[in-house]
Amino acid sequence: AIAVHENWNVIKNANDFDTEGKKLLLHVEGLNTFDGSSENWEALERWYTKGLRSVGTHWNVDNKLGGGTNSPAVGLTALGAEVVAFLETKSIVFDLAHMSRQGFFDAAKIVQRPLYVSHGNADALCPSIRNYTDVQLALIAESGGVIGVFFPNTFVAGKDREGSVYDVVRHIRYIVDLIGIDHVAIGSDFGGIVSGAVSGLGSVVDYPVLIEHLYKIGFTENHIEKILYKNARRVLEVHISHV
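Residues numbered from 1 in each chain as written. Predicted model: local features only at pLDDT ≥ 70, side-chain atom pairs only at ≥ 80, totals over all residues. Heavy atoms only, no water.

Counted under the stated rule, the structure contains eight aromatic pairs. Ring plane angle 65° and centroid distance 5.4 Å describe the contact between Trp41 and Phe86, whose orientation is recorded as edge-to-face. Pair noted here: Trp41 is in helix α1 (residues 38-50) and Phe86 is in helix α2 (residues 78-90), with a separation of 45 residues, a long-range link. Grouping residues by exposure puts Trp41 and Phe86 together as buried. Here Phe104 and Phe105 contribute two aromatic rings whose centre-to-centre distance is 5.6 Å and whose plane-to-plane angle is 90°, an arrangement assigned as edge-to-face. Residue Phe105 is classed as partly exposed on the basis of its relative accessible area, which comes to 25%. Put simply, the rings of Phe34, Trp41 and Phe86 pair up and form one aromatic cluster. Positioned above the aromatic ring of Tyr48, the side-chain terminus of Arg53 is 4.0 Å from the ring centre. (Phe/Tyr/Trp six-rings, centres within 6.5 Å; stacked < 30°, edge-to-face > 60°. Helix = DSSP H or I, 4+ residues; strand = E, 2+ residues; numbered from the N terminus. Buried < 20%, exposed > 50% of the residue type's maximum accessible area, 1.4 Å probe, protein only. Lys NZ or Arg CZ within 6 Å of the ring centre and 35° of its normal.)

Rendered as structure tokens:
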């Protein structure tokens, strides 16, 4: 259970972004026990009623909905497609992070909203099945969506090299140059990095260093505001706009 302080607000619709105080967007990552039973569907409906507004159908492993990161060629199942359609109908944020590559492409054919990847990097700079190819990044942009660059060393610099803030900036710069400033965000994953973050970006207190580097390579204040929050907020508001 989550004890929500009186100064916190659970975001349930787009208007809640403008409420006073701190805000929470309740999210589930990985519907790994979802098998399509009536109990499962009832649980989703119940969680929605209680305020759930964001779902990532996968983590690294396969489930009944399709392939996870570790199985890039395994696509979305019929049940997976049904769940994605449910998220569309309910205006629940659908996070494509951690899906297999084939699952990503399958889901992209169903989703009518901007594609949203909460955390991922450019495969061209750091080859990994967890990162995103230029084709995937182009689809995100074509949909009006966004990808949040994240900070684990393994997916920023690779397993055999210690990365730094500079390497994170390289991913941001690469994706901006490829698909545009309106489609890049920050997806740090501080709560989920198990293999270590890049040097110099270990927590939110290090954000000023990242911002300083972005200024150094020519990003304006407007560009940086888009990367830090405006792009992500725009896409999230579209996802939950008619709840």
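We are not done yet, so read on.
This paragraph deals with the nonpolar core. Nonpolar side chains in soluble globular proteins tend to end up buried together. Counting 51 residues, the largest nonpolar core has Val168, Ile172 and Leu210 as the members making the most contacts within it. The greatest single-element share of this core, amounting to seven residues, is contributed by helix α6 (residues 165-179). What Ile172 contacts, discounting residues up to four positions off in sequence, is Val149, Val184, Ile186, Leu210, Leu214, Phe219 and Ile227. (Core = buried A, V, L, I, M, F, W, Y, C linked by side-chain atoms within 4.5 Å. Contact = heavy atoms within 4.5 Å.)

In this section: the pattern of salt bridges. Applying the stated rule across the entire model yields 11 salt bridges. Here Lys226 and Asp182 are joined by a salt bridge, their closest N and O atoms 2.7 Å apart. Of this pair, Lys226 sits in helix α8 (residues 221-239) while Asp182 sits in the loop between α6 and β8 (184-186), and the two are 44 residues apart along the sequence. A relative accessible area of 30% means that Asp182 is categorised as partly exposed. Residue Lys230 is joined to Glu225 by a salt bridge in which the shortest nitrogen-to-oxygen separation is 3.1 Å. Residue classification places Lys230 among the partly exposed positions, given a relative accessible area of 34%. (Salt bridge = Lys/Arg side-chain N within 4 Å of Asp/Glu carboxyl O.)

Closest axis-to-axis distance for the helix α4 (residues 134-142)/α6 pair is 10 Å, and the angle between their directions is 60°. Classified by chirality, the crossing of α6 by α4 is right-handed. In contact with Asp134, Leu137, Ala138 and Ala141 of α4, α6 contributes Tyr174, Ile175, Leu178 and Ile179. When its residues are assigned to classes, the contact of α4 with α6 shows seven nonpolar, no polar and one charged. (Axes fitted to C-alpha atoms, helices over the stretch in contact; angles between N-to-C directions. Left-handed = near helix turned anticlockwise from the far one by under 90°. Nonpolar A, V, L, I, M, F, W, Y, C, P; charged D, E, K, R; others polar.)

Burial of strand β7 (residues 146-149) is two-sided: the residues Val146 and Gly148 facing one way and the residues Ile147 and Val149 facing the other way are all buried. Note: strand β6 (residues 116-117) against β7, two bridges, orientation parallel. In the sheet register, Val117 faces β7, and the bridge partner there is Ile147. The parallel pair β6 and β7 is bridged by α4, and the resulting crossover is right-handed. (Pairing = 2+ DSSP bridges. Right-handed = clockwise from strand over helix to strand, strands pointing away.)

In this section: the side chain of His58. Inspection of the secondary structure assignment puts His58 in the loop between β4 (54-56) and α2. Side-chain polar atoms of His58 contact the side chain of Thr57, separated by 2.8 Å. Looking at His58, its side chain comes within polar contact range of the side chain of Asn63, at 3.1 Å. Sequence-distant contacts of His58, that is, excluding residues within four places in its chain, are made with Glu29, Gly30, Asn63, Leu65, Gly66, Gly67, Gly68, Ala97, His98 and Met99. (Polar contact = N/O pair within 3.5 Å; in protein donor to acceptor, adjacent residues only side chain to side chain.)

Right, let's get into the layout of surface pockets. Of the voids in this model, the largest pocket is the one considered here, and its volume is about 680 Å³. Together, 25 residues line the largest pocket, and Tyr116, Ser118, Ile186, Ala232 and Leu236 are the ones closest to its centre. Only β3 (27-29), β6, β7, β8 and α8 provide two or more residues apiece to the lining of the largest pocket. Sorting elements by how many residues they give to the lining of the largest pocket places α8 first, with six residues. Counted by class, the lining of the largest pocket contains 14 nonpolar, seven polar and four charged residues. The computed volume of the second largest pocket comes to approximately 430 Å³. Lining the second largest pocket are 25 residues, and of these Asn60, His98, Phe155, Gly192 and Val194 lie nearest its centre. Looking at side-chain class alone, the lining of the second largest pocket contains 10 nonpolar, 11 polar and four charged residues. (1 Å grid on protein atoms, 1.4 Å probe; cavity = no way out; pocket = protein on both sides within 12 Å on 5 of 7 lines; lining within 4 Å. Points joined across faces, edges and corners; volume = space filled by probe spheres on them.)

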